[in-house]
Every structure is written in structure tokens, then in C-alpha cells.
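Observations on the three-dimensional arrangement
In case you want the letters, here they are:
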Amino acid sequence: MGKAYLEPGDVAKLEDAAQYLRDRLLIRLLFHLGCRVSEALALRLKDIDIRRGTVTIEHLKSRIQLSCPGCSARLGKAHRYCPGCGQPVEKAVAQEREHHRYRTLPVDKTTLSLLKEYLGRGGAVERNGEKCLFDLRRNRAWQIVTECAERAGLPRLVNAESGKTHNVSPHRLRDAFAVHAVKADDSGDGLRLLQEHLGHRSIVTTMKYRKVSGEEQKEWYRRLWNGGKANG
């Protein structure tokens, strides 16, 4: 069975395989912050506090909200009658609402130093009237990580549940951060802190990393046991 997630040593190889300072910084942010690739690419200079060593992540999601055309009461998809006025609902009014959520994450000294070097070399770019850290599209960021993994000779990763293999991608760096955080502290408080750090709405989403970590440990014990039996 192949590896389910990247080890810190694998991430170091990814960084070493980066051909540009920008790409190395992207890899470090994805792993050491555990952020989504969309969040890393959306970082603005005003989101970065060099003095405090923090980065503020803005997570924007659009949600469709249904309401009664008669009394404007909120409706669920399964509602056939309005809970407000009791009238049958034939056609609900759909409104798109944007939800902004923020979280402030600590930046380790090495990443902070790399960030200073990148900005000192004029790495920031102007986009939509704001100074942004990267001028990359999502597909280009995926390509950068995948190409670095190929140059570093890293194997494809195995999904612990489905058994399918996947290329090393930006999201696998976020996964690696989460799994190693769980291995360091899988208590209830530790998982809640990780939930906040990753920006998960539900603790159930965070809990999946405990399962991945557990599957990897079981595989390690199986190898150890089989090796012990073979040597015996």
C-alpha cells in the first residue's frame, strides 16, 4: 500500500524542486498554513502582518437562500408549505448571499523569512486595484505543485478509503498539514482548534483526518508485524 499523505520530508523535497522563489513560497504557505489553494492565491499584502508574523485568511462562499414569495420567510428545499404564513409554496424566491469568514493564522519563521525575501524582490502584483501576493490561476498553481512533485520523484498518493491513487496536488499539502496536526494532538480540544485553523464549518469534516492518520498507523504496524514474523 502506498502513502496516504505527504511527510514533512516530502514537502521539503517539493520545495527544493521549485525553480522559482514564488513557487517555493506557494508550497510553504499551502503546507505550513494548511490553507486552501484558493485562499493562498487570494492573499493580499494587507492580509499579511510581518511584524506579528500572521496571515489573515478570508474565506468567501456564496449560498443560495430560498424564501416565501408571500411573507419572505426562509424556506428549506423540502418545504411544500411556508412555515411562516402556511401557504403552499409553488415557486420559492432564490437569493444568492455571500458569506465572509476570517481566520488569522501564525506564520513560522522560515516561511516569514521567505515571504520577506519574495516581497523584497518585488514579487507582489497589482490585481483589481490591490497589491496581491500571487498572480496565478488555480490550474497553474496545481501544475506547479504537480511538476515539482515529478522533479522531486515523489510517488502518487493513495486514498485510504477508495484505494485510488492521485497526483500530489495543492490540496494534498493541506491534507498533510491536517494529518500531522492530528498526530500531534487528537484530543477533542486539539480537533476543535484544527477545525478553526482549517476553516471547516463542521467538526465532522475535520474528523476525517483522524481516520486517515489511524489508517496510516495501522498500515505501519502491519508492516512492522509482518517484518518481525519474517525475521523470526
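The protein chain is annotated in an unreviewed UniProt entry as Integrase/recombinase XerD from Dehalogenimonas formicexedens. As recorded by UniProt, the Sequence similarities (unreviewed entry) comment attached to the protein chain reads in full: "Belongs to the 'phage' integrase family."

This part takes up helix 2 (residues 21–32). Taking 1.5 Å per residue as the helical rise, helix 2 with its 12 residues ought to reach 16 Å, and the 16 Å between its terminal C-alpha atoms agrees with that figure. Where burial is concerned, most of helix 2 is hidden: 9 out of the 12 residues are buried. Buried within helix 2 we find Leu21, Asp23, Leu25, Leu26, Ile27, Arg28, Leu29, Leu30 and Phe31. Those residues of helix 2 that are buried are in contact with helix 1 (8–17), helix 3 (37–41), helix 4 (109–120), helix 5 (138–152) and helix 6 (170–184). One or two steps after helix 2, the chain reaches Gly34, where phi turns positive at roughly 65 degrees.

Another point: the packing of helix 2 against helix 4. With their axes 10 Å apart at the nearest point, helix 2 and helix 4 run at an angle of 150 degrees to one another. When the axes of helix 2 and helix 4 are compared, the crossing they make is left-handed. Touching Leu21, Arg22, Arg24, Leu25, Arg28, Leu29 and His32 of helix 2 are Thr110, Thr111, Leu114, Leu115, Glu117 and Tyr118, all from helix 4. Considering only residue class, the contact of helix 2 with helix 4 consists of 6 nonpolar, 3 polar and 4 charged.

The next subject is a nonpolar patch on the surface. A surface patch of nonpolar side chains, about 240 Å² in accessible area, is lined by Ile203, Val204 and Met207. In this structure, Met207 sits in helix 8 (residues 203–231). A relative accessible area of 33% means that Met207 is categorised as partly exposed.

Turning to the nonpolar core, a few remarks are in order. Core analysis: the biggest nonpolar cluster contains 50 residues, and Leu6, Leu14, Leu133, Phe134 and Leu173 have the highest contact counts within it. Elements with a minimum of two residues in this core: helix 1, helix 2, helix 3, strand 2 (54–67), helix 4, helix 5, helix 6 and helix 7 (188–198). Sequence-distant contacts of Phe134, that is, excluding residues within four places in its chain, are made with Arg22, Leu25, Leu26, Leu29, Ala40, Leu41, Tyr118, Val125 and Arg127.

Right, let's talk about the pattern of salt bridges for a bit. Per the stated rule, a full pass over the model turns up 16 salt bridges. The closest approach of N and O atoms between Asp10 and Lys3, which form a salt bridge, is 2.4 Å. Asp10 sits in the buried class, given a relative accessible area of 9%. Asp189 serves as the salt-bridge partner of Arg192, at 2.6 Å between the closest nitrogen and oxygen. Of this pair, Arg192 and Asp189 both sit in helix 7, 3 residues apart, which is roughly one turn of the helix.

To continue, consider unusual backbone geometry. Here the phi dihedral of Asn128 falls at roughly 55 degrees; this positive angle occurs in a residue that is not glycine. Counting through the fold element by element, Asn128 comes out in the loop between strand 5 (125–127) and strand 6 (130–132). Relative accessible area serves as the criterion here: at 75%, Asn128 is assigned to the exposed category.

Let us look at the packing of aromatic side chains. Under the definition given, this model contains 1 aromatic pair. An angle of 45 degrees between the planes, with centres 6.0 Å apart, marks the rings of Tyr118 and Phe134 as tilted. Remark: Phe134 occurs in the loop between strand 6 and helix 5 and Tyr118 occurs in helix 4; sequence separation between them is 16 residues. Residue classification places Tyr118 among the buried residues on the basis of a relative accessible area of 6%.

Each value, and the rule that gives it
Residues numbered from 1 in each chain as written. Predicted model: local features only at pLDDT ≥ 70, side-chain atom pairs only at ≥ 80, totals over all residues. Heavy atoms only, no water. UniProt positions renumbered as here; feature names shortened; annotations may be inferred. Helix = DSSP H or I, 4+ residues; strand = E, 2+ residues; numbered from the N terminus. Expected span 1.5 Å × (residues − 1). Buried < 20%, exposed > 50% of the residue type's maximum accessible area, 1.4 Å probe, protein only. Contact = heavy atoms within 4.5 Å. Axes fitted to C-alpha atoms, helices over the stretch in contact; angles between N-to-C directions. Left-handed = near helix turned anticlockwise from the far one by under 90°. Nonpolar A, V, L, I, M, F, W, Y, C, P; charged D, E, K, R; others polar. Patch = residues over 30% accessible without salt bridge, like charges linked within 9 Å, V, L, I, M, F, W, Y side chains within 5 Å. Areas by Shrake-Rupley, 256 points an atom, 1.4 Å probe, with all protein chains shown as cover. Salt bridge = Lys/Arg side-chain N within 4 Å of Asp/Glu carboxyl O. Core = buried A, V, L, I, M, F, W, Y, C linked by side-chain atoms within 4.5 Å. Phe/Tyr/Trp six-rings, centres within 6.5 Å; stacked < 30°, edge-to-face > 60°.

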